[in-house]
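# Notes for the structure review
If you want the building blocks of each chain, they are given just below.
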Amino acid sequence: MAEAHSAQLACYLKSGVKLFSDDEGFHFELNVPPPRLVARRTRRYFRNFVTRIVKWVHPLHPSAAALIPIGLGAIVLRSKPDSWLRSGPFSNFVWKIVEKMPLFETFSPYRSFQIAGSSAVVGAIGSAGIVAAERFILRNLLRYHGWLREDGRTVKRSFTTKAVFTILTFFKLHNPSLYSWQTSLPRMPVPPLAETCQKFLKSVSPLLSPEEFQKVQAMADEFQRKEGPTLQFYLWIKSWWSNNYVTDFWENYVYLLGRSSIMINSNYYILDIVPGPPTKNQCARAGNIAHHFMRFKRNIDYEQPMDLLMKVPPWCMKQYERMFSTTRLPGRQIDTIKHFDEEESSHVVVVRKGLYFAFDVVHPNGELLSPWEIEEQMTAVMTQADALAAQPGGAERLVASLTSWDRTKWAEARDKLANFPVNSRTLDIIDRAVFVVILEDQLPSDLNSIAKSAMSGDGSTRWFDKSINLIVFPEGTATLNCEHSWADAPVIAHLVECSFIPGRPEFGGMYREDGRNVEVVHKKFSSAPRPKQLQWVINEDVKADIGQALVAAKELIDDTNITILQFDSKNDEIKGFGKAVMKRAGISPDGFVQMAMQLAYYKTYHKPALTYESSVTRFFREGRTETNRSCTPESCEFVRLVVAGASRSEQARALRHAVETHKENALQCMTGHGVDRHLFALYIVSVGKKTPSEFLQAWRDMPWVLSTSQVPQWQTPMCNPKNPDHAKTFCPGGGFGPVAKDGYGVSYMVLEDSIFFHISSKPSQTDPEPFIRNLKASLFDMRDLLMEFK
């Protein structure tokens, strides 16, 4: 049976030459791709070639880059022999160089070819010079961040900002490809050592006693005198030869070297859109979203520019490369991220009741399966899986629990698993899948349960190593579970807007009255390839590993609490919450929410909390995130005044001052002048150079009691929040696990008239209810304060 199944899966193996041996001797196989596949590859190579040309010459328009050498050759060829173009000092210099070129003698009988060719070479060099000059100009223009402090409403745009934006808009006229701007983006600067230490000391001053602060201050002074300058020099050197001095360190040391379970500790979840799924048909919803995922992937593969609202200035788009067809492979010491190109990955893996199936989502001619065709495949999987699940099953239906285990133990178990050829093929198919779809058979009772299911399931139903797990529940509710090492949440939030929302009626709709997708069948192919079941062979050793992984997963899941809070204008008790009200009051929505969390934590524990807020650094090449330290002396002063019962006017002034400080710190983070990524990179260098630092160790040992993040909304022009029909349709965001055992993980989404919170904690260490109650009370009180003192 297993041998027959392996033959069925041959379509997923890469074409080419294969040489292998067994007990019967050596075997040689030559797999010749069919003409249709050859045509697809030819089109792909041509498309990639054109895309590379566009990237090579950007920001110069490709036609201009071609016309310069051609035009110069034509002009020189038509000019008179005694003109300066043919006989001047520069032309004589060029001629001497061209004479030494290998092809010069070949065309010696054809004088006109020599003249035109040498002129074209000069023109090509000139084009390259123009490209280099334009990139230099752009790189310096993009270092200007003064526009971030000029919102156009309270602070008018300066002449410099207008000039910079005008020039950038001119360069974007020819609609470059997705990654065209990468080579023009500036590298992230290494902040001055004294500046970072000063900011760090200021941020921890309200968290430490006077004696503790003096001790840390002495460490910082000694660090700046002794090992600090040497470590800073190494970072400065690295910033010149690498695209980003911190990103590779961050990916490897924060994510891939981590040995604990990535379930809850690293992966995060995204919830379905509000007001709910556009269809109650589970397979129809899965097929529709999967189709839109593939359309999004195709735009990435074809390097089509993303239609983001943030058009000027451009952001780094590097994170999009590994969104699909990506797997985090476990290692005994360090994990690796494996990405497959579109030729190697054109199928999805579907999991139903612990049974695995795979099918192609691309037709033989390269066209995508329609939502209706993918729905048919999902229905076939569900029918077959439900029939098989009625039969007795064993540990083979719990294999995914291994991906929730300790990474070193999972690496060892994976090696045991891969010893069987059937398992090795199944693992390869899962690894190469564009993404994984889980068709759940039960819908959780409430939003909190849906969030926890999306985060972890029961520990055996999510393939946590895949970049994206699409989880679809009965009645059409869909969620995502995402591996974190390859990219950050804003990229996934963009994907959700482009794939979850289009099925809604107010956005065109794609479903029939019976809830199914509109029937669209490819003209040349009457039916798509049917799903194939993937098989596992589980011996007693692997079975024992699965049992241990399940026990560990259950302990982690049981010790994780997730609470979803929603504040919106539909609730009369809390009417007035939302971005619109805060902006009318002239206060930053993000800063408002952060101050509410500071106040809530102090009311709960009677002390301030070291707070992590994620801030993007995608204005720089390969930038990811920086930490905005939300607990500041200004925020603590606001909290002190509220707790002490100071006058309302004093509280209002302190609140605005704290929010302005928070906003300025966020801008510092976005422009490469944060604290923690710099100290993190210095710490990694100190470990690598075996230069211990008491100061850096003290920084590292401070736990993030509050780990927070805001999920962006309305990143594409498809959604207009001013449109009443659009405003009621949105994604409430997602969440992640707490960083500190006795802390909270808080993700929030601030909309025009509502706020969503995703609050996670460990019940064995922390009771979340008092914090949640105080958060509600703080939001109410601060809202009233805003209304009273606008």
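Residues numbered from 1 in each chain as written. Predicted model: local features only at pLDDT ≥ 70, side-chain atom pairs only at ≥ 80, totals over all residues. Heavy atoms only, no water.

Per the secondary structure count, the chain includes 26 helices and 18 strands. Evaluated residue by residue, the chain yields a buried proportion of 54% over its 790 residues. Total accessible area on the chain stands at roughly 35,200 Å², and carbon and sulfur atoms take up 57% of it. (Helix = DSSP H or I, 4+ residues; strand = E, 2+ residues; numbered from the N terminus. Buried < 20%, exposed > 50% of the residue type's maximum accessible area, 1.4 Å probe, protein only. Areas by Shrake-Rupley, 256 points an atom, 1.4 Å probe, with all protein chains shown as cover.)

A word on the pattern of salt bridges. What the rule picks out here adds up to 34 salt bridges. Here Lys318 and Glu321 are joined by a salt bridge, their closest N and O atoms 3.2 Å apart. Residue class for Glu321 comes out partly exposed when judged on its relative accessible area of 31%. In this structure, Arg629 and Asp676 form a salt bridge, with 2.8 Å as the shortest nitrogen-oxygen distance. Separated by 47 residues along the polypeptide, Arg629 in strand β14 (residues 625–629) and Asp676 in helix α23 (residues 676–688) bring together distant segments of the chain. Looking at Arg629, the relative accessible area reads 7%, which means it is buried. One continuous salt-bridge network, built from bridges that share partners, spans Arg259, Arg328, Asp335, Arg407, Asp465 and Glu483. (Salt bridge = Lys/Arg side-chain N within 4 Å of Asp/Glu carboxyl O.)

Let us look at helix α7 (residues 159–171). Here α7 spans 19 Å end to end across 13 residues, near enough to the 18 Å set by a 1.5 Å rise per residue. All of the buried residues along α7 are Thr161, Val164, Phe165, Leu168 and Phe171. The buried residues of α7 occupy an angular sector of 120° when the element is viewed end-on, so they sit on one face. Those residues of α7 that are exposed and aimed more than 90 degrees away from the buried face are Phe159, Lys162, Thr166 and Phe170. (Expected span 1.5 Å × (residues − 1). Arc of directions from axis to C-beta.)

Let us look at the confidence of the model for the chain. Averaged over all residues, the pLDDT of the chain is 87; the fraction at 70 or higher stands at 87%. For residues 1–15, every residue scores under 50 in pLDDT, and the model assigns this stretch 23 contacts once sequence neighbours within four places are set aside. (pLDDT = per-residue confidence, 0-100. Contact = heavy atoms within 4.5 Å.)

In a beta sheet, neighbouring strands are held together by backbone hydrogen bonds and run either parallel or antiparallel to one another. An order of β11-β7-β6-β8-β9-β10-β3-β16 is seen for the eight strands of this open sheet, with the pairing classed as mixed. Pairing within the sheet leaves two strands with one partner each, and these edge strands are β11 (532–534) and β16 (734–735). Bridge count between strand β3 (residues 268–270) and β16: two bridges; the pairing is antiparallel. Along β16, the bridge assignment pairs Tyr269 with Gly735. With respect to the sheet, helix α13 (residues 371–389) is in contact with β6 (347–352), β7 (355–360), β8 (436–439) and β11, its orientation differing from that of β7 by roughly 155°. Running at roughly 40° to strand β10 (residues 478–482), helix α16 (residues 447–456) makes contact with β3, β9 (468–472), β10 and β16 of the sheet. (Pairing = 2+ DSSP bridges. Axes fitted to C-alpha atoms, helices over the stretch in contact; angles between N-to-C directions.)

Below, the discussion takes up unusual backbone geometry. For the bond from His58 to Pro59, the omega torsion is 15°, close enough to zero to count as cis. Along the chain, Pro59 turns up in the loop between α2 (35–57) and α3 (62–78). Put simply, Val274 and Pro275 share a cis peptide bond, and its omega is 20°. With respect to the element layout, Pro275 can be found in the loop between β3 and α12 (282–301). Despite not being glycine, Lys353 shows a phi value in the positive range, around 55°. By the secondary structure assignment, Lys353 is in the loop between β6 and β7. Residue class for Lys353 comes out partly exposed when judged on its relative accessible area of 36%. One non-glycine residue with positive phi stands out, namely Glu622, at about 60°.

With that settled, consider a nonpolar patch on the surface. A cluster of nonpolar side chains, namely Phe233, Tyr234, Trp236, Ile237, Trp240 and Trp241, defines an oily patch on the protein surface of about 740 Å² accessible area. Topologically, Trp236 is positioned in helix α10 (residues 227–241). Residue classification places Trp236 among the partly exposed residues on the basis of a relative accessible area of 44%. (Patch = residues over 30% accessible without salt bridge, like charges linked within 9 Å, V, L, I, M, F, W, Y side chains within 5 Å.)

Residue placement: Thr326 occurs in strand β4 (residues 326–329). Since its relative accessible area comes to 2%, Thr326 is described here as buried. Excluding residues that lie within four positions of it along the chain, Thr326 makes contacts with Ile337, Lys338, His339, Ala433, Asp465, Lys466 and Ser467. A polar contact is formed between the side chain of Thr326 and the backbone oxygen of Arg322, at a distance of 2.8 Å. (Polar contact = N/O pair within 3.5 Å; in protein donor to acceptor, adjacent residues only side chain to side chain.)

Here Ser485 is to be found in the loop between β10 and α17 (489–499). Residues within four places of Ser485 in sequence aside, it is in contact with Glu251, Tyr255, Leu256, Arg322, Arg328, Ile337 and Arg624.

Moving on: the packing of helix α22 (residues 648–670) against helix α26 (residues 768–788). Packed helices, taken two at a time, are described by the angle their axes make and the gap between the axes. Look at α22 against α26: their axes get within 10 Å of each other, and the N-to-C directions meet at 100°. The angle between α22 and α26 places the two elements in the roughly perpendicular class. Between α22, through Arg648, Gln651, Ala652, Leu655 and Arg656, and α26, the contact on the second element is made entirely by Asp781, Met782, Asp784, Leu785, Leu786 and Glu788. The residue inventory of the contact of α22 with α26, partitioned by class, reads five nonpolar, one polar and five charged. (Parallel < 35°, antiparallel > 145°, perpendicular 65-115°, else oblique. Nonpolar A, V, L, I, M, F, W, Y, C, P; charged D, E, K, R; others polar.)

Moving on, we come to helix α14 (residues 407–418). Relative to the 16 Å expected for twelve residues at 1.5 Å per residue, α14 spans 16 Å between its end C-alpha atoms, a close match to the ideal helical length. For α14, the set of buried residues is Arg407, Trp410, Ala411, Ala413, Arg414 and Leu417. Of the residues flanking the start of α14, the one acting as N-cap is Asp406, its side-chain oxygen 3.0 Å from the backbone nitrogen of Thr408.

With that out of the way, let us pick up the packing of aromatic side chains. By the definition in use, this model includes 26 aromatic pairs. Seen from their ring centres, Tyr356 and Trp463 are 6.1 Å apart, and the 85° between their planes marks the pair as edge-to-face. Of this pair, Tyr356 sits in strand β7 while Trp463 sits in the loop between α16 and β9; the two residues are 107 residues apart in sequence, bridging distant segments of the chain. Judged on exposure class, the residue Tyr356 and its partner Trp463 are both buried. Ring pairing ties together the aromatic residues Trp147, Phe165, Trp315 and Phe619, which thus form one cluster. The side chain of Lys238 reaches across the aromatic face of Trp241, ending 5.8 Å from its centre. Of note, Lys238 hangs over the ring of Phe249, and the distance from its end group to the ring centre comes to 4.4 Å. (Phe/Tyr/Trp six-rings, centres within 6.5 Å; stacked < 30°, edge-to-face > 60°. Lys NZ or Arg CZ within 6 Å of the ring centre and 35° of its normal.)

Turning our eyes to something else, we now look at the pairing of strand β18 (residues 754–761). Extensive coverage of β18 is indicated by the burial of eight of its eight residues. Of the two faces of β18, the one carrying Ser754, Phe756, His758 and Ser760 and the one carrying Ile755, Phe757, Ile759 and Ser761 are both buried. Relative to β18, strand β17 (residues 744–750) runs antiparallel, the two sharing six bridges. Opposite Gly745, over in β18, you have Ser760 as the bridge partner. What sits between the antiparallel neighbours β17 and β18 is a turn of three residues.

In this section: the packing of α12 against α17. Packing of α12 against α17 leaves a shortest axis separation of 9 Å and a crossing angle of 120°. If you check the angle between α12 and α17, you find them oblique. Here the hand of the crossing between α12 and α17 comes out right-handed. Residues Asn288, Ile289, His292, Phe293 and Phe296 of α12 touch α17, and the partners they reach there are His494, Leu495, Cys498 and Ser499. Residues that form the contact of α12 with α17 fall into these classes: five nonpolar, four polar and no charged. (Left-handed = near helix turned anticlockwise from the far one by under 90°.)

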